[in-house]
Amino acid sequence: MSVDSYLSNLGSSLVVRDSEKQSIDRSVDTLISRANAYFGGFDGCLVFGSYTRGTILPRKADDHSDVDIMMVFDDDDDYRPQAYINRIKKFAEGKYWSSIVHQDRPSVVLDMQHIRIEMTPGKNYGVEGWYYIPRDASAWQLTKPNSFNSDLVKCNGSNGYKVKPVIRLMKHWNVSKNCRALPSFELESTLVNALMYKHLSCSSYTDYVLASFEAIRWKTNASRVERAISKVKNAIASEAAGFPYSALSEIEDVFPGV
């Protein structure tokens, strides 16, 4: 197997398969139904994040993979985010008493056996697609949570549909080799910005992986990035010299199989 084939196959395998997706979807639908029945002054739930983009890693690759849900409140009370966080936590503890519920930053995490659901309070801004979400426990900030999705779709399409698999590969490296040091969304947004026009200079998965590491070089642990770049280049050189097993050993050290 060539280095490029290994990366292509691994990137394709790092997806949530149908059976896992069906289980997650059932849990999300149940949570939304329960939230709609439980809360007053409530405008429903908005699923966003990597699960909607197809860049979430399966549990076999990342046991911290989560689905992001915004719990949108439509009341006019000028409460701080923590007040809504407390309401969400009370809801989760009452409806999911057998699961682990805890606050993580300005969100509430529901940790079930097959998936983590991260619930973030939001408030309607009044313009379609825009919401207030917590900047921290005491202040709000304005965001358009699903606007990034269209940028990813554009980037992926213009680059021969290699960007989504490469993002999953890089997230896998971030989990397995970088101690999760780079926040998931920052990693994705950095790569989309860096790779948008890389079809002009990149063609293989190794090209895109090297470009991705260059894009995050100064955003995370530089020595880990340098080591990964060196390993990928060694794999390319070994393959060119007719040593395919050495090449695969080098690339597997950067992106281990799952």
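Basis of the calculations
- Residues numbered from 1 in each chain as written.
- Predicted model: local features only at pLDDT ≥ 70, side-chain atom pairs only at ≥ 80, totals over all residues.
- Heavy atoms only, no water.
- Helix = DSSP H or I, 4+ residues; strand = E, 2+ residues; numbered from the N terminus.
- Buried < 20%, exposed > 50% of the residue type's maximum accessible area, 1.4 Å probe, protein only.
- Contact = heavy atoms within 4.5 Å.
- Areas by Shrake-Rupley, 256 points an atom, 1.4 Å probe, with all protein chains shown as cover.
- Lys, Arg positive; Asp, Glu negative; His and termini not counted.
- Charge placed at Lys NZ, Arg CZ, Asp CG, Glu CD.
- Core = buried A, V, L, I, M, F, W, Y, C linked by side-chain atoms within 4.5 Å.
- Phe/Tyr/Trp six-rings, centres within 6.5 Å; stacked < 30°, edge-to-face > 60°.
- Polar contact = N/O pair within 3.5 Å; in protein donor to acceptor, adjacent residues only side chain to side chain.
- 1 Å grid on protein atoms, 1.4 Å probe; cavity = no way out; pocket = protein on both sides within 12 Å on 5 of 7 lines; lining within 4 Å.
- Points joined across faces, edges and corners; volume = space filled by probe spheres on them.
- Nonpolar A, V, L, I, M, F, W, Y, C, P; charged D, E, K, R; others polar.
- Axes fitted to C-alpha atoms, helices over the stretch in contact; angles between N-to-C directions.
- Parallel < 35°, antiparallel > 145°, perpendicular 65-115°, else oblique.
- Left-handed = near helix turned anticlockwise from the far one by under 90°.
- Expected span 1.5 Å × (residues − 1).

**Q** Residue-level account of the overall build of the chain, with values.
**A** Summing up its helical and strand segments, the chain has 10 helices and seven strands in all. In the chain, buried positions account for 47% of the 258 residues. A separation threshold of at least 6 residues defines the contact pool for the chain, and within that pool the share at least 24 residues apart is 64%. For the chain, the computed accessible surface area is about 12,500 Å², with 48% contributed by carbon and sulfur atoms. When the 31 basic and 31 acidic side-chain charges of the chain are each reduced to a single mean position, those positions are 2 Å apart.

**Q** Before we move on, could you go through the nonpolar core and cite the residues and values that matter?
**A** If you look at the biggest cluster of nonpolar residues, it comprises 40 residues, and the most contacted ones within it are Leu7, Phe213, Ile216, Ile251 and Phe255. When residues of this core are traced back to their parent elements, those giving at least two are α1 (3–13), α5 (147–158), α6 (163–176), α7 (184–195), α8 (205–216), α9 (222–240) and α10 (244–254). No other element matches α8, which puts seven residues into this core. When near neighbours in sequence (up to four residues on either side) are disregarded, Phe213 contacts Met170, Trp173, Val225, Ala228, Ile229, Val232, Val254 and Phe255. One finds Val16, Tyr51, Met119 and Trp140 within the second-largest nonpolar core, a separate group that totals 27 residues.

**Q** Which residues make up the packing of aromatic side chains, and what values go with them?
**A** Taken as a whole, this structure holds 13 aromatic pairs when the rule is applied. Between Tyr38 and Phe91, the aromatic rings sit 5.2 Å apart at their centres with planes inclined by 55°, giving tilted as the arrangement. Of this pair, Tyr38 sits in helix α2 (residues 18–38) while Phe91 sits in helix α4 (residues 81–95); the two residues are 53 residues apart in sequence, bridging distant segments of the chain. Considering the side-chain rings of Phe39 and Phe42, the 5.0 Å spacing of their centres and the 35° angle between planes classify their relative orientation as tilted.

**Q** A description of the environment of Ser176 should follow, citing residues and the corresponding values.
**A** Mapping Ser176 onto the fold places it in helix α6. Looking at Ser176, the relative accessible area reads 35%, which means it is partly exposed. Linking Ser176 and Glu93, residues 83 residues apart in sequence, is a C-alpha distance of 31 Å. Within the structure, Ser176 has its side chain in polar contact with the backbone oxygen of His172 (distance 2.8 Å).

**Q** How would you summarise the layout of surface pockets if you had to cite specific residues and measurements?
**A** By volume, the largest pocket is sized at about 1,200 Å³. Taken together, 36 residues make up the lining of the largest pocket; nearest its centre are Asp68, Arg105, Glu118, Ser184 and Phe185. Among the elements of the structure, α3 (50–53), β2 (66–73), β5 (116–124), β6 (131–134), β7 (140–143), α6 and α7 are those that each provide at least two residues to the lining of the largest pocket. In terms of residue count, the dominant contributor to the lining of the largest pocket is α7 (four residues). Looking at the lining of the largest pocket residue by residue, the classes come out as 13 nonpolar, 10 polar and 13 charged.

**Q** For the packing of α9 against α10, give the residues involved together with the corresponding values.
**A** Interaxial distance between α9 and α10 falls to 8 Å at its minimum, and their mutual angle equals 160°. When the axes of α9 and α10 are compared, the pair comes out roughly antiparallel. Handedness of the α9/α10 crossing: left-handed. Here Arg227, Ala228, Lys231, Val232, Asn234, Ala235, Ser238 and Glu239 of α9 lie close against α10, whose contacting residues are Ser246, Ala247, Glu250, Ile251, Asp253 and Val254. Each residue belonging to the contact of α9 with α10 can be placed in one class, and the counts come to six nonpolar, three polar and five charged.

**Q** Explain the environment of Arg227 residue by residue, including any values.
**A** Secondary-structure assignment places Arg227 in helix α9. Classification of Arg227 by relative accessible area gives partly exposed; the value is 44%. Residues Arg227 and Lys144 lie 83 residues apart in sequence; the distance between their C-alpha atoms is 36 Å.

**Q** I'd like to hear about the side chain of Ser107, residue by residue, with values.
**A** Mapped onto the secondary structure, Ser107 falls in strand β4 (residues 107–111). Excluding anything up to four places from it in sequence, Ser107 contacts Ile85, His102, Glu118, Met119 and Thr120.

**Q** Give a detailed account of unusual backbone geometry, specifying residues and quantitative values.
**A** Although it is not a glycine, Arg105 adopts a positive phi angle of roughly 60°. Within the element layout of this structure, Arg105 appears in the loop between β3 (100–104) and β4. Relative accessible area serves as the criterion here: at 57%, Arg105 is assigned to the exposed category.

**Q** Provide a residue-level description of α7, including the pertinent values.
**A** With 12 residues, α7 should cover 16 Å at 1.5 Å per step; its first-to-last C-alpha distance of 16 Å lies within 8% of that length. Here α7 has its buried residues at Leu187, Glu188, Ser189, Thr190, Leu191, Val192 and Leu195. Against the buried residues of α7 lie α3, α5, α6 and α8.

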